[in-house]
Amino acid sequence: QVQLVESGGGSVQAGGSLRLSCAASGGTYSRRYMGWFRQAPGKEREGVAAMGSAAYGLTTYADSVKGRFTISKDSAKNTLYLQMDSLKPEDTGMYYCAADNFPYGLTTSYHYWGQGTQVTVSS
């Protein structure tokens, strides 16, 4: 089975930076594709950044974070990262790591999810 554990969330002022980490274990094939999602109060969960095709190492980002966020991975450490720069108050929300054996991209159809880590950006 796949287990995902996020860390690195916290409170930061607008313009600041945070780096989220997602430690993954179990079922390597089942977590072939991974991504980051967030959910703000009163809003639906949305895709933030995702690893694309494993064959090509592609990445995809929501338009709202493009140029500010960077998704990366350290395969040796089984860890997925989300570097968040130039944070805005609208980036506030619970951030989740997700994994699946299908390239769902920024859709929320992933089978495995972490517990989430809170990110709060103040103006």
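Structure shown above.
Residues numbered from 1 in each chain as written. Predicted model: local features only at pLDDT ≥ 70, side-chain atom pairs only at ≥ 80, totals over all residues. Heavy atoms only, no water.

Colleague: Tell me about the nonpolar core, and name the residues and values.
Modeller: Within the largest apolar cluster, 26 residues are counted, with the highest numbers of intra-cluster contacts made by W36, L82 and M84. Counting only elements with at least two residues in this core, the list comes to β3 (18-25), β4 (33-39), β5 (46-51), β7 (69-74), β8 (79-84), β9 (93-100) and β11 (117-122). The element best represented in this core is β3, accounting for 4 residues. (Core = buried A, V, L, I, M, F, W, Y, C linked by side-chain atoms within 4.5 Å. Buried < 20%, exposed > 50% of the residue type's maximum accessible area, 1.4 Å probe, protein only. Helix = DSSP H or I, 4+ residues; strand = E, 2+ residues; numbered from the N terminus.)

Colleague: Explain the environment of A62 to me, using residue names and the numbers behind them.
Modeller: Among the secondary structure elements, A62 is positioned in the loop between β6 (59-61) and β7. The class of A62 is buried, set by a relative accessible area of 12%. For the pair A62 and R31, spaced 31 residues apart in sequence, the C-alpha to C-alpha distance is 21 Å. Apart from the residues lying within four places of it in its own chain, the contact partners of A62 are G47, V48 and L106. (Contact = heavy atoms within 4.5 Å.)

Colleague: Account for unusual backbone geometry, naming residues and giving values.
Modeller: The phi dihedral of N78 falls on the positive side, at around 50 degrees, and the residue is not glycine. For N78, the location among the structural elements is in the loop between β7 and β8.

Colleague: Any chance you could break down the packing of aromatic side chains for me, citing the residues and the numbers?
Modeller: Inspection of the entire model under this criterion finds 6 aromatic pairs. On the numbers, 4.8 Å between centres and 50 degrees between planes, the contact of F102 with Y104 is tilted. The class of F102 is partly exposed, set by a relative accessible area of 44%. Looking at Y104, the relative accessible area reads 28%, which means it is partly exposed. Taking NZ or CZ as reference, R45 lies 3.9 Å from the ring centre of Y96, over its face. Positioned above the aromatic ring of W113 is the side chain of R45, whose terminal nitrogen or guanidinium carbon lies 4.8 Å from the ring centre. (Phe/Tyr/Trp six-rings, centres within 6.5 Å; stacked < 30°, edge-to-face > 60°. Lys NZ or Arg CZ within 6 Å of the ring centre and 35° of its normal.)

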